[in-house]
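What follows is each chain in one-letter form.
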Amino acid sequence: MTALDGLPPMSVEPGAELREFAEELRTLFLGLEAPAADALAARCTPGPQACADYLAAVRIPPWEFVEALLDALPDAPDRPDVRERLRRSRLAALRVAPPIGWAVRQIEGQLHAAEREVQEADEEAEQAERELAHARPAPAAPDTPDASGTPAGGTDLAQRAALLAEKAGQARERSARAAARRDLMRRQLVLVERQQGTTAAPPGPTGAAAAESGGGDPLPKILLVDDRPENLVVLEALLGPHGHHLVCATSGPDALRALMEPDDYAAILLDVQMPGMDGYETAAHIRSRARTRDIPIVFVTAIGSGPDHARHAYAAGAADFIPKPVDPWTVRAKVASFVELHREHRTGR
């Protein structure tokens, strides 16, 4: 029997979003030749039954499965529209999937905000660069007046050109920072999706990471900073069982003392609203020190997650932020993404 012969009936339980996504996958799968279908099913983890679950709307497949399915079709190069439609359909299913739906929506919102900022910053840079091209004096006639009557090589024009160049450079820098956030959010979406169907995040380090924790390189450290002990208990309960080396601090000064030996910190989860030295001031001190300025800071905040709050967080030096009350799936995915990046940087990947 081939994988095509053994397709189970569609589950009666899924919502409309998952059913619609699974039905389109099923139609594409039935368009495969039997050897290609068997090969695709055999590649699924933990086994071919996973492929059956995907096509019966029991589970949402990872995007790698969708890519492999499309690539296996004979007319794969002619299907960019199908690829994009499936991407949107799959995200719609993930948004309503318990228990990870809220985390997907939250991170996807940050992803879309970063994408918009990249586009806006690029447009601003391009506009400044176009104006700069017109503002520069023509080499052949440096003393020829421009449309405003100012000599092309004059002081006013030179100052305008310098301002435009600065504006373009700042916009390009903002675009690069937003692009880095966009890539981070994409990574976090993948990590959230890996948690679907589980009651907890996947276990801690495996493979190379397990070797590190078994006597090789030390595990990356996560600094948790919150003035309320009960909040630290929650974060420790979420992260502690999953292979993270946690260090706790109950104030900004305590956090700075913990960072006197900053080696191997993958991230800092920093509460914003603390008495005395708040999160923003603490972040400024961390950023001012050469040995700690590159440690990613994740603000944990109850003051909102809208665009204004996000801009404030990023302007204060945050690499990311998590709204309170914290969502377990979001926290795990975000911390895991920074641990992955730290390991990649440490190993030179």
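Residues numbered from 1 in each chain as written. Predicted model: local features only at pLDDT ≥ 70, side-chain atom pairs only at ≥ 80, totals over all residues. Heavy atoms only, no water.

## Concerning the overall build of the protein
Next up, step 1: In terms of regular secondary structure, the protein is built from 13 helices and 5 strands.
Next up, step 2: When each of the 349 residues of the protein is scored for burial, the buried share is 44%.
Next up, step 3: Considering only contacts in the protein between residues 6 or more positions apart, those separated by 24 or more positions represent 68%.
Next up, step 4: Accessible area of the protein: about 17,700 Å², with a carbon and sulfur share of 55%. (Helix = DSSP H or I, 4+ residues; strand = E, 2+ residues; numbered from the N terminus. Buried < 20%, exposed > 50% of the residue type's maximum accessible area, 1.4 Å probe, protein only. Contact = heavy atoms within 4.5 Å. Areas by Shrake-Rupley, 256 points an atom, 1.4 Å probe, with all protein chains shown as cover.)

## A word on the nonpolar core
Next up, step 1: Membership of the largest hydrophobic core comes to 86 residues, with the highest contact counts inside it found for Phe29, Leu86, Ile222, Leu223, Ile268, Leu269 and Phe299.
Next up, step 2: If sequence neighbours within four positions are ignored, Phe299 has contacts with Leu270, Val272, Gly279, Tyr280, Ala283, Ala313, Ala316, Ala318, Asp320, Phe321 and Ile322.
Next up, step 3: If you look at the next biggest cluster of nonpolar residues, it comprises 5 residues, including Leu132, Ala135, Leu157 and Ala161. (Core = buried A, V, L, I, M, F, W, Y, C linked by side-chain atoms within 4.5 Å.)

## Considering helix 3 (residues 48-55)
Next up, step 1: Counting buried positions along helix 3 yields 6 of 8 residues, so the element is predominantly enclosed.
Next up, step 2: Listed as buried for helix 3 are Ala50, Cys51, Ala52, Asp53, Tyr54 and Leu55.
Next up, step 3: On its buried face, helix 3 sits against helix 1 (16-30), helix 2 (34-43) and helix 4 (63-72).

## Description of the pattern of salt bridges
Next up, step 1: Tallied over the full model, the rule gives 25 salt bridges.
Next up, step 2: Between Arg186 and Glu115 there is a salt bridge, with the nearest N and O atoms lying 3.7 Å from each other. Here Glu115 lies in helix 6 (residues 101-135) and Arg186 lies in helix 7 (residues 155-193), a separation of 71 residues in the sequence.
Next up, step 3: Here Glu124 ties to Arg174 by a salt bridge, and the two come within 2.8 Å at their closest N and O atoms. Highlighted residues: Glu124 in helix 6 and Arg174 in helix 7, separated in sequence by 50 residues.
Next up, step 4: For Arg174, a relative accessible area of 24% puts it in the partly exposed group.
Next up, step 5: By sharing partners, the salt bridges in this structure join Glu115, Arg182, Asp183 and Arg186 into a single network. (Salt bridge = Lys/Arg side-chain N within 4 Å of Asp/Glu carboxyl O.)

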